[in-house]
Amino acid sequence: YFFNKNSIAKKSKIYFLIFPFPPFLLFQFHNRAVKFTSKLFGRALSRRIKATVLYATETGKSEHYAKQLVELLGHAFNAKIYCMDDYDITSIEHEALLMVVASTFGNGDPPENGEGFARELYEMKLQENGGASSHHSFSPVSKTFIKVNSRLDLLTIKKPLKQIDRLDSLRGSLADSFPSESFGPLSNVRFAVFALGSSAYPNFCSFGKYIDNILEELGGERIMPLTTGDEICGQEQEFRRWAPEVFRIACDTFCLDSEDSYSGMTFALQNETITTSTVRFSKVSESFSLKDTLAKFHNREIRVCTAKLKPISLHNSNGNERSTIAVQILTDGVKYQPGDHVGIFPENRKELVDGILGRLIGVDDPDEIVQLQVLKEDHNPEGIFKSWTKHEKLPSCSLRTLLTRFLDITTTPSRKLLQFLATCCDEDQDEEGINTLANDPEAYEDWRYYKTPNLFEVLQQFPSCKPPASVLVAQLVPMPARFYSISSSPLKHPNEIHLTVAVVTYKTDDGKGPEHYGVCSNYLANLKENDEIHLFVRSAVGFHIPKDPALPVILIGPGTGIAPFRSFWEHWHALKLSGEKTPKVFLFFGCRTKSVDLYSEEKSRMLEEGVLDRVFLALSREPKIPKTYVQDIAKKESDVIYSLIVKEKGHIYVCGDVTMAEHVYQTLRRIIANKERKSETEVEKFMLGLRDENRYHEDIFGITLRTQEIHNKSRATARSRMESQS
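On a predicted model such as this, the values are computed, not experimentally measured, just so you know.

J.: Mind showing me how you'd approach the confidence of the model for the protein here?
T.: As a general rule, the predicted coordinates of low-pLDDT regions are not to be interpreted in detail. In the predicted model, the protein carries a mean pLDDT of 84, and the fraction of residues at 70 or more is 79%. Every residue in residues 1-14 scores below 50 in pLDDT, and together they form 25 contacts with partners more than four places removed in sequence or on other chains. In this model, residues 152-182 is a region of pLDDT below 50 whose contacts with residues beyond four sequence positions or in other chains number 59 contacts.

Given below as structure tokens:
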């Protein structure tokens, strides 16, 4: 029998009243004891189960989501986070739970900090198959393999979800938890992938899809179908729907009690504990150079260069055309090759920064050097200790500098940021208006699409909103570098980098809203001679000039897509002057009118000197001339193009916006199909072969003008995808 002892103190004597436990109470006691022991056991086990979060990012968005995910997984797992660049691939076979948050760069390529990881997974696949891929014999660095594997989800047999027995999971290794028919080096790994991208690109989320497919092909067990987040529409909403669900499934998979963890995790996802009580600005005397702080902030090796002179206009604008400028930068000792990109760290416009500073509270002098500090809790056997520590990422500098050089204030605030701004309103009407946008996904997407308001415009729309400076800064995301194709050759312009830049301005709300300015293009347009520019070079190995001059080259690029081709012809011109052989070159260029025929004099001179063999011009808005695009010219010259590609084994380079690039690709497919009478499957195989042989090169950037046609189509597609994933 179990006995309950109630002691009654009477002077110095103690008396015990002893009576038997009723049977139903005895059962409850046993039940609670078992549940308590099970929960303790589960919590102890959870600290032994490692969850690894990997991310690859170009702008910082994937890193932002990955950090949220690892914090949430920490409620039930021993969670760690790594950039793919910093991850030791030899550890992957020993992971229990692997979560991946991956962006796609350009039209299907991995971000720069994900290229090594992609290559290492590819090499693992080759080793598993005895040195040959099961699908294609691509080289270990082939990005074609990534694009092909991203489409294999329909061909892959999905395995049913397996649950790990609790007793098996208590063992040091999980190797015996899986049936003997599981094969592959990752047969002990459970994984899930959240892929970020833009549906404006044909190869939407290709890198995330590639990771998802190849992890399964290597033996990993997918615990949740791949989820995609589209920057065109609903990306944040998709992540907030995916994260709690993948957490719950992970707990179920490893037989963990998810009830307490799940509720805490969901609360943490919706409400980060960032308040005036947990973050603050503290005055400091130390300060570092802008170069050093930018380098640490972006984890990049940054060079400080200077503007050679004021930007030069490349055409005489008649008021109906966007301005296009040539930017010349002095770059002593910076090495690059024709075809490479340069990353520029711009400044936010002064009027935006001043407008935001005028609405913030909690700061007396925006030009004073301050350090953002966060209140951290340390747990040890003696209790909980709180202390103020420096923010892990933001540098010590003035608030004005933070908003000018480090933080993104031009992108429409996220729904999460709106939830915070709603708490900063003095008027109920403003609070209700912001909460409507924050809590109604459809209203938010319509508002973001048509108004595209920046942070200052949001504060103007809701005038009683006055956020504390420290809390706002802690929730803003980093301002990413902007990439431009280099349009000069180091052989012709040593210690210089030239850029060809379209200066972006547009009005929101179908032309009825305020004027918006492209952050970096307008920053570059306003440079003065000797102004400092902080930059770095991003190698574009897949867009370099062919080494064999005997192979002909086709260049296709409208507008500023001509930028890398100028670096090509300058390079070939320098080689020709030194007596070296250069390839046969055909250039297809397109623009709206003859007044914006960029580098027309240079092209004529290159024709005369034999650097370019033929130049074709497509005009889409020239009066009294039929509207023509580069793909139309390519179609007319199908015989020449077919001969250069198929008979002479030439190279094709395409540079420009994603819509043009897809039209050109489809035109070339049709040319090959018609000339060789190939089926759809055969011609697709041929085009993939061109990529694999490194003969089809693309340098593609996103949507440059907010055209109704492109955005409506992309947005409709994104909404359909969201509905199918919900």
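J.: I keep staring at the nonpolar core and nothing clicks. Help me out?
T.: A general feature of soluble globular proteins is that nonpolar side chains tend to end up buried together. Leu403, Leu418, Leu421 and Leu472 are the most contacted members of the largest nonpolar core, which has 48 residues in total. Viewed by domain, this core spans two of them, domain 2 (279-291 + 348-475) and domain 3 (301-346 + 481-539), each represented by three or more residues. Apart from the residues lying within four places of it in its own chain, the contact partners of Leu418 are Pro413, Ile434, Leu437, Ala438, Tyr444, Trp447 and Val458. Residues Ala200, Ile633, Leu668 and Met687 belong to the second largest nonpolar core, which totals 33 residues.

J.: What is the right way to read the environment of Ile562 from this model?
T.: Counting through the fold element by element, Ile562 comes out in the loop between β22 (553-556) and α18 (563-577). Sequence spacing of Ile562 and Tyr599 is 37 residues, and the spatial spacing of their C-alpha atoms is 8.9 Å. Non-local contacts of Ile562, meaning those with residues more than four positions away in its chain, are made with Gly557, Trp569, Phe589, Leu598, Tyr599 and Lys603.

J.: Please explain the sheet that holds strand β24 (residues 614-619) as it appears in this structure.
T.: Note on sheets: strands pair through backbone hydrogen bonds, and any given pair is parallel or antiparallel. Strand order in this open sheet of five strands is β24-β23-β22-β25-β26, and the pairing throughout is parallel. Of all the strands in the sheet, the pair left with one neighbour each is β24 and β26 (696-701). Between one strand and the next, the sheet's axes are offset by a mean angle of 10°, whatever the strand orientation. Alignment of strand β23 (residues 585-591) against β24, held across six bridges, turns out to be parallel. Bridge assignment links Leu587 to a residue of β24, and that residue is Val615.

Reading the values: rules and limits
Residues numbered from 1 in each chain as written. Predicted model: local features only at pLDDT ≥ 70, side-chain atom pairs only at ≥ 80, totals over all residues. Heavy atoms only, no water. pLDDT = per-residue confidence, 0-100. Contact = heavy atoms within 4.5 Å. Core = buried A, V, L, I, M, F, W, Y, C linked by side-chain atoms within 4.5 Å. Buried < 20%, exposed > 50% of the residue type's maximum accessible area, 1.4 Å probe, protein only. Domains from an automatic or database assignment. Helix = DSSP H or I, 4+ residues; strand = E, 2+ residues; numbered from the N terminus. Pairing = 2+ DSSP bridges. Axes fitted to C-alpha atoms, helices over the stretch in contact; angles between N-to-C directions.

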